[in-house]
Amino acid sequence: MALRPVAPADRRRRRNIVAAVITALVASLLLFVPMRSAHAADSLLSQGKTATASSTENAGTPASAAVDGDTGTRWSSAASDPQWLEVDLGASATITSVTLNWETAYATGFKIQLSSDGANWTDAYSTTTGTGGKQTVSVNGSGRYVRMYGTARATGYGYSLWEFQVYGSAGGTTPPSGATLISQGRPATASSTENAGTPASAAVDGDTGTRWSSAASDPQWLQVDLGATSTISSVTLNWETAYGKSFKIQTSADGSTWTDVYSTTTGTGGNQTLNVTGSGRYVRMYGTARATQYGYSLWEFQVYGTAGDDSGGGDNGGTTGGGTGPIQGGGDLGPNVKVFDPSTPNIQGQLDSIFAQQESNQFGDARYQVFFKPGTYNNINDQIGFYTSVSGLGKNPDDVQINGDMTVDAGWFNGNATQNFWRSVENMALKPVSGDDRWAVAQAAPFRRMHVEGGLNLAPNGYGWASGGYIADSKIDGTVGPYSQQQWYTRDSSVGGWTNGVWNMVFSGVQGAPAQGFPNPVYTTLNTTPESRDKPYMYLDGSGNYQVFVPNMRTNASGVDWPNTPGTSIPLTQFYVAKPGVSAETINAALAQGLNLVLTPGIYHVDQPINVTRANTVVLGLGYATVIPDNGVDAMKVADVDGVKLAGFLIDAGAGKSPQLLQVGAPGSSASHASNPTTIQDVFARVGGAGPGQAGTAFEINSNDVVIDHTWLWRADHGAGVGWTTNPADEGLKVNGNNVLATGLFVEHFEKYDVEWAGQNGKTIFFQNEIAYDPPNQAAIQNGNTRGFAAYKVDANVTSHEGWGLGSYCNFTADPTIIQDHGFEAPNTPGVKFHDLLVVSLGGMGQYAHVINDTGPGTSGTSTTPSTVTSYP
């Protein structure tokens, strides 16, 4: 054991003492120095505003502490580069200076950056010679968001700021005294738009640098959906020079029948605040005469008053894309979402009823989401079957305390856990009755954002077969025992200990993980995860309304990001709440209108792709909501835009051949999304099993800077509609974009490459694969002069790529004499690197000749012993 002269906690205490002494000395000196305010002509804009950060050192140093006006509290980051702290000013403002009051852990290299949308940034100041202390830097620019982007630390610690102060002139409209702004960020629609750069949404985004403008004709209108009937007290119109001379302010309960609450024929333009009295869910400006030859144009359209309660029932979406009114957001979550609170009678009986239906219902249509409201629940044992998601509705896992178990076992399959697919648990604290919770799962069964106040057993009762699994953002106080689990991946978590493993246990950013040892012991351990954004999740706010929380991206992450997870809350009223039976046309109309999307539990047949075209759109599935494309269409297409979040649903191939089930970015996409990547989390694909299905490729990633965080792409090897020509599918994952990261990649049984990577600078942390079982003979998979298609191929043009902890198995049940030349194929170049690879023949049903290219020993015999390569080239 290495000696440690000074413990980290001791160093931290000493550093804080030194900092306090220095602060006291500086304060005493200031008593004798005449001071002049550096900001006499400017306003402090940042204090008390919403702040977020790339990371926090611990729960006691949140981002908000740097904008609270208290120099005794501070934000501090993880000890890595880069890191950032960002403040949202609420509206675009003119920025003249920024003051940084550094703790002793300061930045030598940093930038001050400005943004109108929180995604695209402009440098307003940059230095590589930062001095620490209290720095005031002059800037000249405007934006709603301001951040310190640190590139080089002066110490071994993270970045740390007592205060981050932004000065300048507020650019937004001044709200009426005592009023509440209830329109900002709500879905907005208009009679027309001048062009794609002046959408209706730009008038309710809080940014006075963006605007809506209409076609140059009369009449025209702009309307906002408040989500529920609300009391209106005033409306502010911040006109561009093309204003309305004659217009009305109107309200409506249904978006169809309108009531005038204000009318004028002598509009003056500029910034107008109109006192109105009325109520409605929808409010609009209805222009009848323009003051100029141009259309109507508004920088901001702001509605003030008292928001209504939208947590109740409501309908499921109002009109369709062909209707006359807007599609409504929010509403109830449908009959297959079960919501419990501690006073709900017979919770255990209801859970048992769901399990009795779902225990062995591997290819059925039933889907369930179970929610637990914040509180304490005693004597619970929730056995979780197929297509069942169980989640807490707290902001943090410890808000929902389960004194009991969330159990997955394999009694239905004679103690074999290798088919325990499609189930999940999320966002709760468990205190297992026996001390250990049992979570014996296979693929597509995430364990996320959980606090286990004990140990976790990943094997079925009796220690039968088990294969693959995923843990993220979770804290297990005791020991995790994988036992019979062949492969497992754990990300950004903490564990009290970890015992054994069969072939490949992979960890990134896991505090308490075992040390690197592959292949003996079978541990692949990375101290951090390069990039991660934890999955969006639903919770109840203090008023009992549903919100969806979207965590921020983390870089070089380690450990859980809760409590006080940095991120953004989106009210359910900004989501189209879809129910089974709704058309793809209606879903697409809602998305085009500016709504996000919740898919409630059930089956969704689509006759056109679900088109996600707006940056930062969230698509969240509940209870393994399943999308089936009909007539050979793609199930979902995502445009080449920033920050889309896809989470929690299954795409099941239809009988017609889809070119791809999910496409992210059109072919040839080239935009950079480095500051705001698209994320794909717990989104799964299946070809066959539930019935005949076929596809060209399951997932095609053409956009740059995409993070794929836990997926299982499966060409079925059992179930209905299964066979070499019955459920054909060429490739599982095709990556054409650059800078794509996969964490927890499970891809199995495709007829050509399971993964083919053509983009530069790709990374994969953990890959679990089985080659297709069912090629009828060697000739069926002959690939030119190569025997078989590699499980994971990096194309010849790629010069930079890296993978850690990748495994592939063969089990050629139709012809055990088949030889696979290698499990992995890649160009032999220094920039393409692999760590900890393995191939396995399951019981001698076929063999691998090599591990990667012509490197690594082949498999042989029936011993099911892995052949490994620890480093390539």
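These remarks concern the structure in this document.

A closer look at the sheet that holds strand β32 (residues 546-551)
Item 1. Strand order in the open sheet formed by three strands is β31-β32-β34, and the pairing between neighbours is antiparallel. The sheet is open, and its two edges are formed by β31 (537-540) and β34 (567-571), each paired on a single side. Sheet twist, expressed as the average angle between the axes of neighbouring strands with direction ignored, equals 35°.
Item 2. Pairing between β32 and β34: five bridges, direction antiparallel. Looking across to β34, one finds that Phe549 is bridged to Ser569.

Considerations on helix α2 (residues 347-358)
Item 1. With 12 residues, α2 extends 17 Å from end C-alpha to end C-alpha; this agrees with the ideal 16 Å at 1.5 Å per step.
Item 2. Those residues of α2 that fall on the buried side of the exposure criterion are Ile347, Leu351, Ile354, Phe355 and Gln358. Each buried residue of α2 lies within a common arc of 100° when the element is viewed along its axis, so the set occupies one face.
Item 3. Buried residues in α2 make contact with β16 (337-340), β17 (368-372), β18 (375-383) and β19 (388-392).

Description of the environment of Gly744
Item 1. Counting through the fold element by element, Gly744 comes out in strand β47 (residues 741-748).
Item 2. C-alpha separation for the pair Gly744 and Gly469, spaced 275 residues apart in sequence, amounts to 8.7 Å.

With respect to the pattern of salt bridges
Item 1. Overall, the coordinates contain 28 salt bridges when judged by the stated rule.
Item 2. Across the salt bridge formed by Arg554 and Asp492, the nearest N and O atoms sit 3.9 Å from each other. You can see Arg554 sitting in strand β33 (residues 553-557) and its partner Asp492 sitting in strand β27 (residues 487-498), a full 62 residues away along the chain.
Item 3. In this structure Arg554 comes out as buried when scored by relative accessible area, which is 11%.
Item 4. On the basis of relative accessible area, Asp492 is assigned to the buried category, the value being 0%.
Item 5. In this structure, the salt-bridge partner of Arg715 is Glu751, at a minimum N-O distance of 3.4 Å. Taken together, the residues span a long stretch of sequence, with Arg715 in strand β45 (residues 706-715) and Glu751 in the loop between β47 and β48 (755-757) at a distance of 36 residues.
Item 6. Given the relative accessible area of 12%, Glu751 is considered buried.

Quick notes on the pairing of strand β41 (residues 645-652)
A regular strand places its side chains so that they alternate between the two faces of the sheet.
Item 1. Summarising burial for β41: eight of the eight residues are buried, a large majority.
Item 2. With six bridges joining them, strand β39 (residues 618-629) and β41 adopt parallel strand pairing. Bridge pairing links Thr626 to Leu650 in β41.
Item 3. Both β41 and strand β43 (residues 678-687) contribute to a ladder of seven bridges, which runs parallel. By the bridge assignment, Leu650 is partnered in β43 with Phe684.

Observations concerning empty space enclosed by the protein
Where empty space is left in the structure can be found by rolling a water-sized probe over the atoms.
Item 1. In this structure the tally under the stated criterion is five cavities of 30 Å³ or more.
Item 2. The space that makes up the largest cavity amounts to roughly 180 Å³.
Item 3. Lining the largest cavity are 22 residues, with Gln369, Ser391, Glu426, Lys535 and Gly621 positioned closest to its centre.
Item 4. Of all the elements in the fold, those that place two or more residues in the lining of the largest cavity are β17, β19, β21 (423-430), β31, β39, β41 and β43.
Item 5. Here the element with the most residues in the lining of the largest cavity is β39; it accounts for five residues.
Item 6. Across the lining of the largest cavity, the residue classes break down as 10 nonpolar, nine polar and three charged.
Item 7. Of the voids in this model, the second largest cavity is the one considered here, and its volume is about 70 Å³.
Item 8. Taken together, 13 residues make up the lining of the second largest cavity; nearest its centre are Phe750, Glu751, Ile771, Ile781 and Phe789.

Looking at the pairing of β39
Item 1. In terms of residue burial, β39 counts as a mostly covered element, since 12 of its 12 residues are buried.
Item 2. Pairing of strand β36 (residues 596-599) with β39, which is carried by three bridges, proceeds in the parallel orientation. Bridge pairing in β39 links Leu597 to Val619.
Item 3. Alignment of strand β37 (residues 603-606) against β39, held across four bridges, turns out to be parallel.

Structural notes on the packing of aromatic side chains
Item 1. This structure, assessed with the given rule, holds 37 aromatic pairs.
Item 2. Look at Phe386 and Trp412: their rings are 5.4 Å apart centre to centre, the planes differ by 80°, and that puts the pair in the edge-to-face class. One end of the pair, Phe386, is in the loop between β18 and β19; the other, Trp412, is in the loop between β20 (400-407) and β21, with 26 residues separating them in the sequence.
Item 3. The buried category is assigned to Phe386, whose relative accessible area is 0%.
Item 4. For the pair Trp412 and Phe413, a centre-to-centre distance of 5.0 Å together with 25° between the ring planes defines the contact as stacked.

Some points on the environment of Ser169
Item 1. Assignment of secondary structure puts Ser169 in strand β8 (residues 160-170).
Item 2. Looking at Ser169, the relative accessible area reads 39%, which means it is partly exposed.
Item 3. Leave out the neighbours within four places in its chain, and Ser169 touches Leu45, Ala93 and Thr94.

Some words on the side chain of Gln820
Item 1. Here Gln820 lies in strand β54 (residues 819-825).
Item 2. By relative accessible area, Gln820 is classed as buried at 1%.
Item 3. A distance of 2.7 Å separates a polar atom in the side chain of Gln820 from the backbone oxygen of Phe789.
Item 4. Apart from residues lying up to four places away in sequence, Gln820 is in contact with Ile771, Ile781, Arg787, Gly788, Phe789, Ala790, Phe812, Gln847, Tyr848 and Ala849.

Let's talk about helix α3 (residues 584-593)
Item 1. When you tally the buried positions in α3, you get eight out of 10 residues, the bulk of the element.
Item 2. For α3, the set of buried residues is Ala584, Thr586, Ile587, Asn588, Ala589, Ala590, Leu591 and Gln593.
Item 3. The secondary structure elements touched by the buried residues of α3 are β9 (188-190), β35 (575-578), β36, β37 and β38 (610-612).
Item 4. Gly594 sits one or two positions beyond α3 and adopts a positive phi of about 115°.

Here is what the cut-offs are and how they apply
Residues numbered from 1 in each chain as written. Predicted model: local features only at pLDDT ≥ 70, side-chain atom pairs only at ≥ 80, totals over all residues. Heavy atoms only, no water. Pairing = 2+ DSSP bridges. Helix = DSSP H or I, 4+ residues; strand = E, 2+ residues; numbered from the N terminus. Axes fitted to C-alpha atoms, helices over the stretch in contact; angles between N-to-C directions. Expected span 1.5 Å × (residues − 1). Buried < 20%, exposed > 50% of the residue type's maximum accessible area, 1.4 Å probe, protein only. Arc of directions from axis to C-beta. Contact = heavy atoms within 4.5 Å. Salt bridge = Lys/Arg side-chain N within 4 Å of Asp/Glu carboxyl O. 1 Å grid on protein atoms, 1.4 Å probe; cavity = no way out; pocket = protein on both sides within 12 Å on 5 of 7 lines; lining within 4 Å. Points joined across faces, edges and corners; volume = space filled by probe spheres on them. Nonpolar A, V, L, I, M, F, W, Y, C, P; charged D, E, K, R; others polar. Phe/Tyr/Trp six-rings, centres within 6.5 Å; stacked < 30°, edge-to-face > 60°. Polar contact = N/O pair within 3.5 Å; in protein donor to acceptor, adjacent residues only side chain to side chain.

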